[in-house]
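# Structure assessment
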4 protein chains.
Amino acid sequence: MKVGFVGLGHMGAPMAASLLAAGHTLAVYNRSREKAEPLRAQGAQVAGSPAEAARGAEVVLTMLADDTAVEPVVFGDSGLLAGLERGAVHVSCSTISVALSERLTDAHARAGQEYVAAPVFGRPEAAQARQLWVVAAGAKRDVDRCLPLLQALGRGLTVLGERPSQANVVKLSGNFLIASMMEALSEAFALTRKAGIAPETFLELFRSVFARSPVFENYAGLIAAEKYTPAGFALRLGLKDLHLALEAARDFQAPMPLASLVHDHFLEGVARGMGALDWSVLGRLAADRAGLSGATQ
Amino acid sequence: MKVGFVGLGHMGAPMAASLLAAGHTLAVYNRSREKAEPLRAQGAQVAGSPAEAARGAEVVLTMLADDTAVEPVVFGDSGLLAGLERGAVHVSCSTISVALSERLTDAHARAGQEYVAAPVFGRPEAAQARQLWVVAAGAKRDVDRCLPLLQALGRGLTVLGERPSQANVVKLSGNFLIASMMEALSEAFALTRKAGIAPETFLELFRSVFARSPVFENYAGLIAAEKYTPAGFALRLGLKDLHLALEAARDFQAPMPLASLVHDHFLEGVARGMGALDWSVLGRLAADRAGLSGATQ
Amino acid sequence: MKVGFVGLGHMGAPMAASLLAAGHTLAVYNRSREKAEPLRAQGAQVAGSPAEAARGAEVVLTMLADDTAVEPVVFGDSGLLAGLERGAVHVSCSTISVALSERLTDAHARAGQEYVAAPVFGRPEAAQARQLWVVAAGAKRDVDRCLPLLQALGRGLTVLGERPSQANVVKLSGNFLIASMMEALSEAFALTRKAGIAPETFLELFRSVFARSPVFENYAGLIAAEKYTPAGFALRLGLKDLHLALEAARDFQAPMPLASLVHDHFLEGVARGMGALDWSVLGRLAADRAGLSGATQ
Amino acid sequence: MKVGFVGLGHMGAPMAASLLAAGHTLAVYNRSREKAEPLRAQGAQVAGSPAEAARGAEVVLTMLADDTAVEPVVFGDSGLLAGLERGAVHVSCSTISVALSERLTDAHARAGQEYVAAPVFGRPEAAQARQLWVVAAGAKRDVDRCLPLLQALGRGLTVLGERPSQANVVKLSGNFLIASMMEALSEAFALTRKAGIAPETFLELFRSVFARSPVFENYAGLIAAEKYTPAGFALRLGLKDLHLALEAARDFQAPMPLASLVHDHFLEGVARGMGALDWSVLGRLAADRAGLSGATQ
């Protein structure tokens, strides 16, 4: 397929290389041109602007740092809006805001162009090893056309609905999950270090008991299914354990703000009569706060 | 080995059965006697009190709901303190407070008895399938004596140091990790539901990208090693993404208090000059808050 | 009145002096005896134990640092339980736990003695200037007997119900209000300093607009009355302003975790359909979380 | 003075009336014209657009709901940028974002016009009673010219520096203080209600002990002066009291997330060696988090 690619940073460069390796014809563009040279050596044509990279292309992918980097690439004088053919697709792989994704959807539609959001999960090493996971959303016809490209980037693909910005919501939610797990780990390491436990020991346990076990996905399944009964472990017992964790945190002088937050949600659940439900009923409390239907009855 | 076992609830009963199956001689006690009957059928002797279960035993395990349940079993008239032989070991598998664990350490020592804390990770199904993970701490000699029993309970074992209550800190930290992951998932499901994404879709993505990948253990490794440079993903980029997640949360009216908490920690890190470090530097911030050495310099 | 007084620290010493000045007969006790000497000079008798201070007294007041200090004074060998006459009253002015206050209620009742909780608001300067505010709870007959003493301590008195520990709940709630105001001020000072505003300027504004105006008590009145309509200022406008404050906090790199917390509560309110109510509807949200009647319907 | 006034809602209408009453000549504009009629009756001229209201005026004040309302009034076809004379001043009283305030500063400067930000504290009743408090920032010469107008609006005025957006930061910080106090009160009312204390009783106490006493301004003074020693009340005692408040919250099942947040900050302070400083040292912790100079040494 004839493809344009804009943004050749730590992520973009190996992604473009993956497309070349899969046999596609590539015109690449990067603001600082020297980053394009290695790809030229692999057979890519080097363009002088996003619009030039888009000329004659069926699909143009962009992989940029943030909203600020995406805006001139699309809306600028030699940007994609100006350069993309009618009916061609802009596939935005960048982690950008929901708001910008919706602006892009509208702007491309007005220009007779198509827009697919396809942010990726994975660090630069994963991009190099074609181990990214792609989350795509957009008009079914367009996503289908891009499948060969998206599949060439990584190990897997999740296709969402017709509204491109949904993919951005999912990408941001995923990064939030990582950040949350890191915060939880950070607090747990601080507490256990103050209790005299070597970080390597707790790390080993985390690997054995959590990371390489289905525990997290099992709980995710309960929350997705809103299946809070029968209780495998009752909310009121979870409240007890979080209370004991906070007591330990106080005794060892290791503040655990995330533990406090979760404790208070458990306490809310018990106060509202959910103490005998499974502790994954946290899912219902979050849904209630969001005003999801039936939540507050 | 001649063993006593006190507490035959959802967890205790299958654990006692595992010990019987491993060939040990068991005297069991439960407050409501009928729960002991199935074990009698499997060859256990049924005792009339904790002290009676302890008579002649080399080791007595207890598996009870909380501090309140453990106290009479140990300190009561026919409790373990009264009934355990000199030199015999009380192995406490219950999830109890650090404070009670330290009281038990002292009380047994004064009575010439030994004490090991060995809480377990796993739900009742795991107990039945001998898939628990045991975390043990106590005098090395005592832990070693109990190894055949602890290994018979589950799929693995982590041995900590000589201070029994360390095992309780680790158990509480583990339950805190689960609760945190559930809260993060709950908020992510609420947000994505409000953005029109089916829970099953987000669940599938969670499985593929997070639960069945080494992402969490990789970050745990960075925090354990305090290795925040070179940055695979810089803190200031993480701040940007959490900000975008919160913008989406506001637009879709799905409150995300955990995202807010983590966002503020990222902002603190950037304000304190850590913006170019890896976003796992959350670990240093938590350590700073706990006053861990060198943290605030 | 013949009165005992135990605990002559920064608060207790001037309180005891106030009672002497009001004409009461005092026997005082302090663990380190030298603190009692100035009161002896003012006419107090110095006792060798709490029990001795209680001998013949109609009322004994205690003013100690915390639960740990109160316990031996009451339950110890020469403690108040042992020394107080039948029908005499123990007035506990210390800031102690609700749990200990209830234990004291029971223990004194079993000993045929009376118990009143009467914690005080005010710092040592206020104690010296007889400007404390006393919050008393207990059997009406007992509180009435103690009125001349309680009124001699300060500028005012609030009498609650018959359950002494209610006074402790109120005292702890009051200290929580101060701590919360300090946290809010701390975050506001940090933000405004980073925006280049001198602390004295913001302080001056705080004095003029908030501290010396009825703004806080007006809002307290709305929450107490659960009167959230008509809206003087709508919740959705408050959400907008908190959002803008957080935007400023991000731009100036001044983390505001309390602002984040309140923002998320505002967002919850709007998500649950309360956007047009007065922003003091935060009161309903807190009540909902506590499961207060009708809250979640 | 010849003055324009744009925005005649609950706040703007009485503010415009105050200017008329002070003897100024007014041209007023409101999107829905009928709101201007009462002012016409009081002597104002009714303009057909913001630009028309600005014609010949020395100063134009705007009082609008939010950024979205301000933007067309300034940047629109018949907006202030187009209509304001060279050298005339736009005084923006609306509660808008810091970012928009800076855009307005730049845009007016480029057009040879002046810009002052002057948001106001007070509800509609205060506007009617000329009891608002105005916070103004901008070039000294411009603020001085506007003083007669700003003084006519309310009971007092705080003048900040030359950068207009500082006034917006202060206004947003003030609303944050109110929201925080309301959240603290909400949690305190929920706890005390669950402990059986009538809201009117706690309200009465709040009035006597807090609202009508200098307690809040005294603490604000300590934080502004960064004067954390000698300790009137030590941080570690504050930690104890917040812990007891949280214990009560748990016992009565009344979640107090703000109390948890503040508790964790106290614990951080104690863990970092500040336990003997005054509990207002929360101010230093917030400054540390913001990376304020010297903060983490």
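Above this text is the structure in question.
Residues numbered from 1 in each chain as written. Chains lettered and ligands numbered in written order. Predicted model: local features only at pLDDT ≥ 70, side-chain atom pairs only at ≥ 80, totals over all residues.

Before going further, it helps to examine the sheet that holds strand S9 (residues 154–159) of chain C. Pairing is mixed in the open sheet, where three strands are placed in the order S7-S8-S9 (chain C). The sheet is open, and its two borders are formed by strand S7 (120–121) and S9 of chain C, each paired with just one other strand. Seen against the sheet, helix H10 (residues 199–211) of chain D touches S7, strand S8 (132–136) and S9 of chain C and runs at an angle of roughly 170 degrees to S9(C). (Pairing = 2+ DSSP bridges. Helix = DSSP H or I, 4+ residues; strand = E, 2+ residues; numbered from the N terminus. Contact = placed C-beta atoms within 7 Å. Axes fitted to C-alpha atoms, helices over the stretch in contact; angles between N-to-C directions.)

Moving on: the interface of chain D and chain B. Contacts between the two partners involve eight residues from chain D, matched on the other side by eight residues from chain B. Residue composition of the side of chain D that touches chain B, by class: two nonpolar, three polar and three charged. (Nonpolar A, V, L, I, M, F, W, Y, C, P; charged D, E, K, R; others polar.)

Taken together, the contact pairs 96 residues of chain D with 96 residues of chain C. Class assignment for the residues of the side of chain D that touches chain C results in 57 nonpolar, 23 polar and 16 charged.

Between the two copies of the chain lies a rotation about an axis combined with a shift along it. Mapping chain D onto chain C leaves a residual RMSD of 0.0 Å; the transformation is a rotation of 180 degrees accompanied by 0.0 Å of translation along its axis. Here the transformation between the copies is reduced to the relation of a two-fold axis. Considering only C-alpha atoms, the part of chain D nearest the rotation axis is D:Met181, at 3.2 Å. Both copies share a contact surface, since 100% of the interface residues of chain D are interface residues in chain C too. (Least-squares fit on C-alpha atoms with pLDDT ≥ 70 in both.)

Residue and element names in this part refer to chain D. Burial along strand S4 (residues 59–62) is two-sided: the residues Val-59 and Leu-61 and Val-60 and Thr-62 are all buried. Note: strand S1 (residues 2–6) against S4, four bridges, orientation parallel. By the bridge assignment for S4, Val-6 is matched with Thr-62. Bridge count between S4 and strand S5 (residues 89–92): four bridges; the pairing is parallel. Across the sheet, Val-59 pairs through a bridge with Val-89, a residue of S5. (Buried ≥ 20, exposed ≤ 12 C-beta atoms within 10 Å, placed from the backbone.)

Glancing now at the nonpolar core. Of all hydrophobic cores here, the largest spans 478 residues; its most connected members are A:Val28, B:Val28, C:Val28 and D:Val28. Not counting chain neighbours up to four residues away, the residues in contact with A:Val28 comprise A:Phe5, A:Leu8, A:Ala16, A:Ala36, A:Leu39, A:Ala44, A:Val46, A:Ala47 and A:Ala53. (Core = buried A, V, L, I, M, F, W, Y, C linked by C-beta atoms within 7 Å.)

This part takes up the relation of the copies chain D and chain B. Its rotation angle being 180 degrees, the transformation that places chain D on chain B also includes 0.0 Å of axial translation and leaves an RMSD of 0.0 Å. When the interface residues of chain D are mapped onto chain B, 100% of them again fall at the interface, so both copies present the same face.

Attention shifts here to the packing of helix H13 (residues 257–271) of chain A against helix H13 (residues 257–271) of chain B. Here H13(A) crosses H13(B) at 165 degrees, and the two axes come no closer than 11 Å. As summarised for this structure, H13(A) and H13(B) are arranged roughly antiparallel, according to the angle between their axes. For the pair H13(A) and H13(B), the crossing hand works out as right-handed. Here H13(A) contributes A:Pro257, A:Leu258 and A:Leu261 to the contact with H13(B), which in turn contributes B:Pro257, B:Leu258 and B:Leu261. Residue composition of the contact of H13(A) with H13(B), grouped by class: six nonpolar, no polar and no charged. (Parallel < 35°, antiparallel > 145°, perpendicular 65-115°, else oblique. Left-handed = near helix turned anticlockwise from the far one by under 90°.)

Moving on, we come to H10(D). All names here are of chain D. Across its 13 residues, H10 extends only 16 Å between first and last C-alpha, which sits more than 12% below the 18 Å expected from 1.5 Å per residue. Every buried residue of H10 is accounted for by Phe-202, Leu-203, Leu-205, Phe-206, Val-209, Phe-210 and Ala-211. One face of H10 carries all of its buried residues, which in axial projection span an arc of 165 degrees. (Expected span 1.5 Å × (residues − 1). Arc of directions from axis to C-beta.)

Residue and element names in this part refer to chain B. Side chains Val-89 and Val-91 project from strand S5 (residues 89–92) onto one buried face, and the interleaved His-90 and Ser-92 project onto a second face that is buried too. The pairing of S5 with strand S6 (residues 114–117) spans four bridges and is parallel. Note that in S6 the partner of Val-89 across the bridge is Glu-114. Note that the unit made of S5, helix H6 (residues 98–110) and S6 has a crossover that is right-handed. (Right-handed = clockwise from strand over helix to strand, strands pointing away.)

Moving on: unusual backbone geometry. Looking along the chain, the bond that leaves B:Thr229 and enters B:Pro230 is cis, with omega of 5 degrees. Relative to the helices and strands, B:Pro230 is located in the loop between helix H11 (215–225) and helix H12 (235–251). Unusually for a residue other than glycine, A:Gln253 sits at a positive phi of about 55 degrees. Tracing the sequence through the fold places A:Gln253 in the loop between helix H12 (235–251) and H13.

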